[in-house]
Amino acid sequence: MEIKLELLPPEKRRKLDLEGDLPFGCIFTDHMFLMYYQEGKGWYDAQIKPYEPICLDPAATVFHYSQTIFEGLKAYYGVDGRIRLFRPERNMARMNYSAKRMCMPAIDKEFALHAIKTLVDLEKGWIPKEIGSALYIRPVLMGTEAFLGVKPSSEYIFFIILSPVGAYYKEGFNPIKIYVTDKYVRAVPGGVGDVKTGGNYAASLMASEEAAKLGYTQVLWLDAIERRYVEEVGTMNIFFYFEDELVTPALTGTILPGITRESVIQMAKDWGLKVNERRITIDEVIEGAETGRLKECFGTGTAAVISPVGYLAYKGKEYVINQGQTGPLAQRLFEELTGIQYGEKPDPYGWIQFVP
Ligand SMILES: *Cc1c(COP(=O)(O)O)cnc(C)c1O
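In every chain, residue numbers begin from 1 and rise along the written sequence. Note on the predicted model: pLDDT of at least 70 is required for a residue's local features to be given, and 80 or more for side-chain atom pairs to be given and counted; whole-chain, interface and lining totals, by contrast, use all residues. Think of the side-chain values as coming from all heavy atoms in the structure, minus any hydrogens and water.

A.B. asks: I keep staring at the environment of Leu122 and nothing clicks. Help me out?
C.D. replies: In this fold, Leu122 is placed in helix α3 (residues 109-122). Leu122 sits 80 residues away from Gly42 along the chain, and the two C-alpha atoms are 26 Å apart. Excluding anything up to four places from it in sequence, Leu122 contacts Leu7, Arg13, His31 and Ile48. Helical segments are the DSSP runs of H or I of at least four residues, strand segments are the runs of E of at least two, and each set is numbered from the N terminus. Note on contacts: a residue pair qualifies if any of its non-hydrogen atoms lie within 4.5 Å across the two residues.

A.B. asks: What is the right way to read the site of the ligand from this model?
C.D. replies: Note on terminology: near, applied to a residue and a molecule or strand, indicates that one of the residue's heavy atoms is within 4 Å of it. Close to the ligand lie 15 residues, the nearest being Lys196, Tyr201, Glu232, Thr260 and Thr302. Within the side chain of Arg94, an N or O atom sits 2.9 Å from an oxygen atom of the ligand. Ile259 places a main-chain nitrogen or oxygen 2.8 Å from an oxygen atom of the ligand. Calculation on the ligand without its partners gives an accessible area of 380 Å², and the protein chains cover 97% of this total. Polar contacts, as used here, are pairs of N or O atoms within 3.5 Å; protein pairs need one atom able to donate a hydrogen and one able to accept it. Residues neighboring in sequence count only if both atoms are side-chain atoms. Using the Shrake-Rupley algorithm and a 1.4 Å probe, accessible areas are obtained, with residue cover drawn only from the displayed protein chains.

A.B. asks: Please explain the packing of helix α5 (residues 259-270) against helix α7 (residues 328-341) as it appears in this structure.
C.D. replies: The description of two helices packed together rests on the angle between their axes and the distance between the axes. Two elements in contact, α5 and α7, have axes separated by 11 Å at closest approach and are oriented at 110°. Considered as vectors, α5 and α7 are oriented roughly perpendicular to each other. α7 is crossed by α5, and the crossing has right-handed handedness. From α5, Thr260, Ser263, Val264 and Met267 reach across to α7, where they touch Leu333, Glu336 and Leu337. Residues of the contact of α5 with α7, tallied by class, amount to 4 nonpolar, 2 polar and 1 charged. Each axis is a line fitted through C-alpha atoms, taken for helices only over the stretch in contact, and angles between the N-to-C directions span 0 to 180 degrees. To sort the angles, those under 35 degrees are grouped as roughly parallel, those over 145 as roughly antiparallel, those from 65 to 115 as roughly perpendicular, and the leftovers as oblique. Each crossing is labelled by how the near helix is turned from the far one, with a counterclockwise turn of less than a right angle marking it left-handed and a clockwise turn marking it right-handed. Charged residues are taken to be Asp, Glu, Lys and Arg, nonpolar residues to be Ala, Val, Leu, Ile, Met, Phe, Trp, Tyr, Cys and Pro, and polar residues to be all remaining types, Gly included.

A.B. asks: Could you clarify how one ought to interpret the pattern of salt bridges in this entry?
C.D. replies: What makes a salt bridge here is a side-chain nitrogen of Lys or Arg within 4 Å of a carboxyl oxygen of Asp or Glu, nothing more. Considering all chains together, one arrives at 21 salt bridges under this definition. Lys151 is paired through a salt bridge with Glu145; the nearest N and O atoms lie 2.9 Å apart. Residue burial is assigned from relative accessible area. The probe radius is 1.4 Å, only protein chains are included, and a residue is buried under 20% of its type maximum, exposed over 50%, and partly exposed in between. Under the relative-accessibility criterion, Lys151 is labelled partly exposed at 37%. For Glu145, a relative accessible area of 15% gives the class buried. We note a salt bridge from Lys317 to Glu290, for which the minimum N-O separation is 3.8 Å. Note that Lys317 is positioned in strand β17 (residues 317-320) and Glu290 in helix α6 (residues 282-291), a separation of 27 residues in sequence. On the basis of relative accessible area, Glu290 is assigned to the exposed category, the value being 52%. If you follow the salt bridges from partner to partner, you end up with Asp244, Glu245, Arg278, Glu284 and Arg293 in one network.

A.B. asks: For this particular structure, what's the right way to read the environment of Ala202?
C.D. replies: Tracing the chain through its elements places Ala202 in helix α4 (residues 198-213). Along the backbone, Ala202 and Ile161 are 41 residues apart, and their C-alpha atoms lie at a distance of 21 Å.

A.B. asks: I'm lost on helix α2 (residues 88-101) in this one. Help?
C.D. replies: Spacing of three or four residues puts side chains on the same side of an α-helix, whose turn is 3.6 residues. Over its 14 residues, α2 extends 20 Å from the first C-alpha to the last, a length consistent with the 20 Å expected when each residue adds 1.5 Å. Every buried residue belonging to α2 is among Pro88, Asn91, Met92, Arg94, Met95, Asn96, Ser98 and Ala99, and all of these are buried. Trailing α2 by a residue or two, Cys103 shows a phi angle of about 55°, which is positive. Helix span is expected to be 1.5 Å times the residue number reduced by one.

A.B. asks: Would you mind going over α3 with me for this structure?
C.D. replies: With 14 residues, α3 should reach 20 Å at 1.5 Å per residue; the first-to-last C-alpha distance of 20 Å fits that figure. By the burial criterion, the buried members of α3 are Phe111, Ala112, Leu113, Ala115, Ile116, Leu119 and Val120. Where α3 starts, the residue carrying a side-chain oxygen 3.0 Å from the main-chain nitrogen of Glu110 turns out to be Asp108.

A.B. asks: Explain the side chain of Thr338 here, please?
C.D. replies: Here Thr338 is to be found in helix α7. Here the side chain of Thr338 touches Phe334 through a polar contact of 2.6 Å, landing on its backbone oxygen. In this view, Thr338 contacts Val305 and Glu344; residues no more than four positions away in its chain are not counted.

A.B. asks: Explain the environment of Phe24 to me, please; I cannot follow it from the model alone.
C.D. replies: Position of Phe24 relative to the elements: it lies in the loop between β1 (4-5) and β2 (31-38). Through-space distance from the C-alpha of Phe24 to that of Ala106 is 29 Å; in sequence the pair is 82 residues apart. Not counting chain neighbours up to four residues away, the residues in contact with Phe24 comprise Tyr136 and Val165.

A.B. asks: For this particular structure, what's the right way to read the nonpolar core?
C.D. replies: Soluble globular proteins tend to bury their nonpolar side chains together. Membership of the largest hydrophobic core comes to 38 residues, with the highest contact counts inside it found for Phe33, Val120, Ile137, Leu141, Phe158 and Ile160. Sorting elements by how many residues they give to this core places α3 first, with 7 residues. Once residues lying within four places of it in the same chain are set aside, the contact partners of Val120 are Ala75, Ile83, Ile127, Ile137, Leu162 and Val355. Core analysis: the second largest hydrophobic core is formed by 28 residues, Leu246, Val264, Val305 and Ile352 among them. Grouping buried Ala, Val, Leu, Ile, Met, Phe, Trp, Tyr and Cys residues that are joined through side-chain atoms within 4.5 Å yields what is termed a nonpolar core.

As structure tokens, this is what we get:
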């Protein structure tokens, strides 16, 4: 399929001061990618056109039953002036996994990646150059058929929008405070916890709001059945570094399979650490924090890369990890990953794809 280009004339393209403060996800570039799907016809009308509102029927499936999935990745402006994507083929594979679970048509992964690269190349002037900042890429697939029955939509749109984002760590690489909720749950076995679908995030809002009121940045979720096993944080996977092992909850279907998670596991193993994907109880974590056996705790995700956790609140008590300081493992992982992403370090795993 060819991508039809309908571009703004140069004088209509905006110029933004990319050096100033760029809050996450508020500013969007001049153009977007869009294509349509109809049952029996397949994907059609792939296009890049000016960024604008999408017009959908009020009866569209997505508005009523949330048949929608998304991805999140970044384009990085390297120290050598080249533009890099980090493992984008993993995002496309995950998008098709999500699509399958939500009874949506698959996208052609190579074509979608080509669409991302074409759009990013066209909008490369929007990639902030400061280390830590990037161009956030948001692909979305949603059901658009105008029909109120509960069934998979027969029509879909797939679009990609881009948003320049500033460095996540403006005031230094400092640990966050997280709140362990045993009141709400995020995902149940057999549900859609391992799918990047809108409803998961709507369902998580109340817990986040309540945690924020108490001064905590994120919520740590426990399993839905026993409320004992640690699952993950808001939009990050979670790791615990004990004296002799690095632990992260196993992918049991209720946890989002993060690409940063996967990369951290691989690097840590190659550095000779014992890495275990297993079940881990909140009691083991708390005991580790109390005895000092737990050396470090950090979250992993595209937005922050590595997010050290300094404080954990659970059942009305606050526990401190590593004196509330960033530990050496979190620091090393952050430097290694961002080093690869910004071209400051070699890419031994072949994780980088260049644009163009
Ligand atoms: C996207 C996401 C992650 C992190 O995935 P990455 O691929 O590392 O960005 C973790 N948990 C949830 C719930 C997410 O939505």
